Amino acid sequence: MRKSVAYVVSILLFVLPAFAQGGSTASGSIRGDVFTKGTNGEPAVLPGVLIVLHGPITKETESDAKGAFGVDGLPPGTYQIESNAPGLYAALAVEVRAGTSSTVPVGMNVAAVTSTTSPQLTRLKAMDCAFSRKVHHA
């Protein structure tokens, strides 16, 4: 009886770690540099840029003083990277594979500026101007 218990326990000690490893999924990471083109056309690093990853999970980070960033512990899958800084924007997709680190350069461009004016807003502005022209005398 003791031999059978010892035999079962020793088998479990070898078999259980194999099941634990087979059930887990290794994570990956994304690393990169954030830059824009300087006035001389050369790349200029951008510190303090907000970087948001959208994919199987969502994570945020910021570029460091040298424009570098890194995000670890990402489940495998496709991630959309968005980076924002005042007046600048970038978006790109990257594939993360288990146990690897994907390196991406994030080149930021001038953000598109859009302006919309609705008819209601135009009327409100006209009314505001009309009211501000009236001077009340006591």
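Note that this is a predicted model, so its numbers are computed, not measured.

*Asks:* Whenever I open this one, the sheet that holds strand S7 (residues 88-96) confuses me. Can you help?
*Replies:* The strands that make up a sheet are held in pairs by hydrogen bonds between backbone atoms, and each pair lies either parallel or antiparallel. If you walk across this open sheet you meet the 5 strands as S4-S3-S6-S7-S9, and the pairing is antiparallel. Only two strands of the sheet have a single neighbouring strand rather than two, namely strand S4 (58-62) and strand S9 (109-110). One ladder, built from 5 bridges, connects strand S3 (residues 50-54) with S4; its direction is antiparallel. If you follow leucine 53 over to S4, its bridge partner there is lysine 59.

*Asks:* Is there a simple way to think about the nonpolar core in this case?
*Replies:* Within soluble globular proteins, side chains that are nonpolar tend to cluster in buried spots. Ranked by internal contacts, the top residues of the largest apolar core, which has 18 residues, are Ile30, Val34, Leu53 and Met108. Those elements that provide at least two residues to this core are strand S1 (28-37), S3, strand S5 (68-74), strand S6 (77-85), S7 and strand S8 (101-107). Sort the elements by how many residues they give to this core and S7 lands first, with 4 residues. Aside from chain neighbours lying at most four places away, what touches valine 34 is Ala44, Val45, Leu46, Val49, Ile51, Ser63, Gly67, Phe69, Val106 and Met108.

*Asks:* What's the story with the pairing of S1 in this structure? I'm lost.
*Replies:* In regular strands, side chains alternate between the two faces of the sheet. Relative to S5, S1 is paired through 5 bridges, and the arrangement is antiparallel. Residue pairing across strands places aspartate 33 opposite alanine 68, the latter belonging to S5. Sheet topology places S1 next to S8; 7 bridges connect them, and they run parallel. When the sheet's bridge partners are listed, serine 29 is paired in S8 with serine 101. Pairing between S1 and strand S2 (residues 43-45): 3 bridges, direction antiparallel. Bridging across to S2, lysine 37 finds its partner in proline 43. If you look at the hairpin formed by S1 and S2, you'll find 5 residues sitting between the two strands, and glycine 41 has a positive phi there, around 90°.

What counts, and where the lines are drawn
Residues numbered from 1 in each chain as written. Predicted model: local features only at pLDDT ≥ 70, side-chain atom pairs only at ≥ 80, totals over all residues. Heavy atoms only, no water. Pairing = 2+ DSSP bridges. Helix = DSSP H or I, 4+ residues; strand = E, 2+ residues; numbered from the N terminus. Core = buried A, V, L, I, M, F, W, Y, C linked by side-chain atoms within 4.5 Å. Buried < 20%, exposed > 50% of the residue type's maximum accessible area, 1.4 Å probe, protein only. Contact = heavy atoms within 4.5 Å.

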